[in-house]
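# Geometric and topological summary
Chain by chain, the residues:
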Amino acid sequence: MKKDPELESALSRNRRWIVNNQIKNIILRYPNNEIPIETLQKKFKTLDLQGKALNWVSKYPCCFEVNERRCRLTKRMMSLVHEEQSLKDSLEPIFVRRLAKLLMLSLNNKLNVLKINELKRSFGFPDDYLIRIVPKYPDLFRIVNESGRRSSMVVELVNWNPDFAVSAVEALARKHGTKPCFSCSLPSSWVKSWERFHQFDSIPYVSPYTDPRGLVEGSKEMEKRNVGLVHELLSLTLWKKASIVKLGHFRREFLLPDRLNVLLLKHPGIFYVSNKYKIYTVLLREAYVGSQLVDKDPLVVVKEKFGELMQEGLHEYNQRRRLINVEKRRKKGVPLARVDEIKGGRRRSHENSDSDEDGNNSKMGGLLDPEERKRFYKVLFDDDGS
């Protein structure tokens, strides 16, 4: 599949944000919402990050503050944490509906808890959804654990709600008074792809909420159902994207084909598949205009505020470092023009490498090392961090 620069940008824009979000969650788990730098350093290993934790958090002074070797969130950061938590409380009915729809998409209307947890952040579920939300709705959910092992715990749908069994495609069709069909987001110059899409679109739409066991495996109708199911799953996520590997973990529950990537690549007008940094991700094309989401979930809006705060701090840090470096060179007798030349060269290098490292200082996070960058991006594109 030909790379789309804007969609690739959408996939990579928040990579620093994801790591900082994980650090934020680690800090919030500790008493008084502060953590010793030495403890945070050990936690860096769980994020597959190298380098000094103190150096990392120092880059984001608007997000983190360090006092007497203890790291905590800034007041502005804590304000966003409270805003996000308050929003999650108000969005509980949406989470309930989202979880119910997931269960309704599965063959037996139940899903393993460990598998749900793999994608819970993609769907926006709070960490404590299993103990705070599920028990509050006994008319919809129940937790079953026949063996007593944590790995066998499942969430099961108690009652089928026909109002929930409407896909995003069907909802849009009802809104416009048309038949349900997929949209194709490809340039008009992709003639052959458009022809294949029209052939596929001529097949009647099969709702992903219908029982697929009556369909013939390998038939066009089954393919239509599978595309509709993946489309619906992505529509339920915050960023309208998901790891293909993690979707594959639900193959049996959703009766998806073994070679899911082949199915997705066969429909480039509906799905965009990226292997950026060798992390295979599928993105719903129609959900984006350029690199921006068309309809942003309220949680996404709050998370973007976090990203803006992080960027503000990073800019402040880089400016401060730049002034320090300029002053050092002045003291060494380096002409001002030469200093500006060095600054410009490093700025270009900074932009090209898409890293927040300063010049040749590889100790600040270790991200200039190719192997370390590979481990870094693996963490960054993991849906659990989002």
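In case you missed it, the structure is sitting above this.
Let us look at the structure shown here. Small disclaimer: the values here were computed from a predicted structure and weren't measured.

## Examining the overall build of the chain
Assigned secondary structure in the chain consists of 18 helices and eleven strands. Residue pairs at least 24 apart in sequence account for 68% of intrachain contacts in the chain once pairs closer than 6 positions are excluded. Only carbon and sulfur atoms are counted for the fraction: they give 51% of the accessible area of the chain, which is about 20100 Å².

## So, the sheet that holds strand β8 (residues 271–274)
If you trace the three strands from one edge of the open sheet to the other, you get β7-β9-β8, paired in antiparallel fashion. Each edge of the sheet is formed by a strand with only one pairing partner; in this case those strands are β7 (241–243) and β8. Neighbour-to-neighbour, the strand axes of this sheet turn through a mean angle of 20 degrees, independent of strand direction. Packing against the sheet, helix α12 (residues 220–236) makes contact with β7, β8 and β9 (281–284), and its axis sits at approximately 85 degrees to β9.

## Observations concerning the packing of aromatic side chains
Under the counting rule described, the total for this entry stands at nine aromatic pairs. Taking 6.4 Å as the distance between ring centres and 80 degrees as the angle between the ring planes, the aromatic pair formed by F44 and W56 counts as edge-to-face. Remark: W56 occurs in helix α4 (residues 53–58) and F44 occurs in helix α3 (residues 37–46); sequence separation between them is twelve residues. Here W56 falls in the buried class, since its relative accessible area comes to 1%.

## Examining the sheet that holds strand β3 (residues 70–73)
Pairing in this open sheet of three strands is antiparallel, and the strands run β1-β3-β2 from one edge to the other. Each edge of the open sheet is held by one strand with a lone partner, namely β1 (34–36) and β2 (64–67). Strand-to-strand twist in this sheet, taken as the mean axis angle between neighbours without regard to direction, amounts to 25 degrees. For β2 and β3, the ladder comprises four bridges, and the chain directions are antiparallel. The residue bridging V66 from the neighbouring strand is C71, located in β3. Each of β1, β2 and β3 touches α3; the most contacted strand, β1, lies at about 85 degrees to it.

## Description of the nonpolar core
Counting residues in each nonpolar core, the largest one holds 96 residues, and the members touching the most others are I23, F64, F141 and F271. The element that contributes the greatest number of residues to this core is helix α6 (residues 92–105), accounting for eight residues. Discounting residues that sit within four places of it in the chain, F141 has contacts with V96, L99, A100, L103, V134, V155, E156 and V158.

## Regarding the environment of L260
Tracing the backbone through its elements, the reader meets L260 in helix α15 (residues 260–265). A relative accessible area of 3% means that L260 is categorised as buried. Not counting the four nearest positions on each side in its chain, L260 is found in contact with V230, I244, L247 and G248.

## Some words on α3
Of the positions making up α3, those classed as buried are I37, L40 and F44. Taken end-on, α3 shows its buried residues confined to a sector of 65 degrees, consistent with a single buried face. Turned more than 90 degrees away from the buried face of α3 sit K42, K45 and T46, all of them exposed.

## Here we look at the side chain of E84
Turning to its location among the elements, E84 is positioned in helix α5 (residues 75–90). A polar contact of 2.9 Å, which involves the side chain of E84, links it to the side chain of K303. Residues contacting E84, with those up to four places away along its chain left out, are K24, L299, V302 and K303.

What counts as what
Residues numbered from 1 in each chain as written. Predicted model: local features only at pLDDT ≥ 70, side-chain atom pairs only at ≥ 80, totals over all residues. Heavy atoms only, no water. Helix = DSSP H or I, 4+ residues; strand = E, 2+ residues; numbered from the N terminus. Contact = heavy atoms within 4.5 Å. Areas by Shrake-Rupley, 256 points an atom, 1.4 Å probe, with all protein chains shown as cover. Pairing = 2+ DSSP bridges. Axes fitted to C-alpha atoms, helices over the stretch in contact; angles between N-to-C directions. Phe/Tyr/Trp six-rings, centres within 6.5 Å; stacked < 30°, edge-to-face > 60°. Buried < 20%, exposed > 50% of the residue type's maximum accessible area, 1.4 Å probe, protein only. Core = buried A, V, L, I, M, F, W, Y, C linked by side-chain atoms within 4.5 Å. Arc of directions from axis to C-beta. Polar contact = N/O pair within 3.5 Å; in protein donor to acceptor, adjacent residues only side chain to side chain.

These figures come from the coordinates and say nothing about function on their own.
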